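An overview of the molecular structure
Below, each chain spelled out in residue letters.
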Amino acid sequence: MEQEVVLEVQNLKTYFYNNGRELRAVDDLSYKVHKGECVAIIGESGSGKTVSALSILRLISYPPGLVMGGKILFEGKDLLEMEDSEYRQIRGSDISMIFQEPSAALNPVDTIGNQIVENILLHTDMTKEQARARAIELLAEVGIPNAEERVKQYPFEFSGGMQQRAMIAMAMSCNPKVLIADEPTTALDVTVQAQVLEQLNKLRQDHNMALIIITHNLGVVARYADSVKIMYGGKIVEAGTVEDVFLRPAHPYTLGLIRAVPRLDLPRSHGLYTIEGEPPDMSKIAPNCCAFHTRCKYADEKCRTCRPQLEAVGEGHLCACWHKDMLEEERKEVLSE
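Scope of this entry: the structure provided in the associated data block. (Residues numbered from 1 in each chain as written. Predicted model: local features only at pLDDT ≥ 70, side-chain atom pairs only at ≥ 80, totals over all residues. Heavy atoms only, no water.)

1. Observations concerning the overall build of the protein
When you go through the protein residue by residue, the secondary structure sums to 13 helices and twelve strands. The C-alpha radius of gyration computed for the protein amounts to 21 Å, which stays within 12% of the reference 20 Å derived for 337 residues, consistent with globular compactness. The contacts of the protein with a sequence gap of at least 6 include a subset with a gap of at least 24, amounting to 65%. Of the roughly 16500 Å² of accessible surface on the protein, a fraction of 50% belongs to carbon and sulfur atoms. Separation of charge centres in the protein, based on 36 positive and 48 negative side chains, amounts to 2 Å. (Helix = DSSP H or I, 4+ residues; strand = E, 2+ residues; numbered from the N terminus. Rg over C-alpha atoms; globule rule 2.2 N^0.38 Å. Contact = heavy atoms within 4.5 Å. Areas by Shrake-Rupley, 256 points an atom, 1.4 Å probe, with all protein chains shown as cover. Lys, Arg positive; Asp, Glu negative; His and termini not counted. Charge placed at Lys NZ, Arg CZ, Asp CG, Glu CD.)

Here you go:
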């Protein structure tokens, strides 16, 4: 039985304006997140992943950014239509976010404990003593040893991995229904990465919480995600289950990302694959073209003059490409390696 939809993004458009230029960071983005589901959003830097998350939290500041259209439905209510005072009760409580750089997100002149307690007091009826006990409990739950003493310490006294765990504890302090993790393992060594991800996954399962992971790491996606959204140029170009996207990729960009994963089982002479070209300048992408056409070997005049829409290529598997049927030989070559 399919879980209920807890968050639905419909035709979201977030633009930035600078020196008379319009930059379409997120352009007509739509997806659903079910209760208890882990959704992975993948794409290169500049594809609009983080901006889409900040739009959900209504943290796009003007100037220069504006949410220009669309809906963000949380349990059926449009977050973009809410008054600021009403939405502040949801942000940090029902919807939380783990930011990409914990060292920048944490207040350097306040203790870890006080920062967690502040969020608890803002969204619950707990007393300060109860909130402090809850903060200690949370730090212990995310794997920080000697939590009773560590709660008194400042961010600079924590390692990078411990800071990230403290951010997770803060985000989980009010038992959110949706947790957004923006590249939660950035700048962490591989051992700590695994520990942080296992902790996030355990919290998701224990609390039946929806988890949105924004990442570049396809290994993370393969291990933890239930569904995958591939973003490019502010849009989703492919979406489906992990099996669909990794075993039956239908978009040239998705196939390129898979080919670019370093392989230890191949000889050094095989080399590293790279996607030719550079991510697009979002202020120069025409709205009526495929954003990937400048880097795609299958591109033709239709790609340059007409934007493809997401179409079904299988049950629950969507792709936005005019030439998805031409990838069969390349797909077989990649998947057989």
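We are not done yet, so read on.
2. Quick word on the side chain of N119
Relative to the helices and strands, N119 resides in helix α4 (residues 112–123). The exposure class of N119 is buried, given its relative accessible area of 15%. Discounting residues that sit within four places of it in the chain, N119 has contacts with G92, M170, S173 and C174. (Buried < 20%, exposed > 50% of the residue type's maximum accessible area, 1.4 Å probe, protein only.)

3. Some thoughts on the sheet that holds strand β5 (residues 77–78)
Read from one edge of the open sheet, four strands run β2-β1-β4-β5, paired in antiparallel fashion. Of all strands in the sheet, those with a lone pairing partner are β2 (21–34) and β5, marking the two edges. Lying on the sheet, helix α1 (residues 49–56) is in contact with β1 (5–18), β2 and β4 (65–74); it crosses β1 at an angle near 110 degrees. (Pairing = 2+ DSSP bridges. Axes fitted to C-alpha atoms, helices over the stretch in contact; angles between N-to-C directions.)

4. Some details on the pairing of β4
Sheet analysis places β1 next to β4, joined by eight bridges and oriented antiparallel. If you follow L7 over to β4, its bridge partner there is F74. In this structure, β4 lies alongside β5, joined through two bridges in antiparallel fashion. Bridging from a neighbouring strand, F74 pairs with K77 of β5. The loop that links β4 with its antiparallel partner β5 comprises two residues; one of these, E75, has a positive phi angle of about 50 degrees.

5. A short note on the environment of D84
With respect to the helices and strands, the residue D84 is situated in helix α2 (residues 84–88). Expressed as a C-alpha distance, the spacing of D84 and R58, which sit 26 residues apart in the sequence, is 9.2 Å.

6. Focus: helix α11 (residues 252–259)
With respect to burial, α11 is a largely interior element, seven of its eight residues being buried. Residues of α11 that are buried include every one of P252, Y253, T254, L255, G256, L257 and I258, and no others.

7. Observations concerning the packing of α4 against helix α7 (residues 160–171)
Geometrically, a packed helix pair is captured by the angle between its two axes and the distance between the axes. In the contact formed by α4 and α7, the axes pass within 9 Å of each other and the chain directions differ by 20 degrees. It follows from the interaxial angle that α4 and α7 lie roughly parallel. α7 is crossed by α4, and the crossing has right-handed handedness. When α4 is examined against α7, the residues I112, Q115, I116 and N119 are found in contact with a partner set consisting of A166, A169 and M170. Across the contact of α4 with α7, the residue classes tally to five nonpolar, two polar and no charged. (Parallel < 35°, antiparallel > 145°, perpendicular 65-115°, else oblique. Left-handed = near helix turned anticlockwise from the far one by under 90°. Nonpolar A, V, L, I, M, F, W, Y, C, P; charged D, E, K, R; others polar.)

8. Some thoughts on the state of the cysteines
Per the stated rule, a full pass over the model turns up zero disulfides. As a non-bridged cysteine, C319 has C321 as the owner of its nearest cysteine sulfur, 5.3 Å distant. Among the residues examined, C319 registers a relative accessible area of 0% and is labelled buried. (Disulfide = S-S within 2.5 Å.)

9. Considering the packing of aromatic side chains
Throughout the structure, instances matching the rule amount to four aromatic pairs. Between Y232 and F292 the ring centres are 5.1 Å apart and the planes differ by 85 degrees, which places this aromatic pair in the edge-to-face class. Of this pair, Y232 sits in strand β9 (residues 227–232) while F292 sits in the loop between α11 and α12 (301–305), and the two are 60 residues apart along the sequence. Residue Y232 is classed as buried on the basis of its relative accessible area of 2%. (Phe/Tyr/Trp six-rings, centres within 6.5 Å; stacked < 30°, edge-to-face > 60°.)

10. Observations concerning the packing of α7 against helix α8 (residues 190–207)
At a minimum axis separation of 10 Å, α7 and α8 run at an interaxial angle of 10 degrees. Relative to α8, the element α7 lies roughly parallel. Between α7 and α8, the contacting residues are G161, Q164, R165 and I168 on the first element and V192, Q195, V196, Q199, L200 and L203 on the second. The class makeup of the residues in the contact of α7 with α8 is five nonpolar, four polar and one charged.

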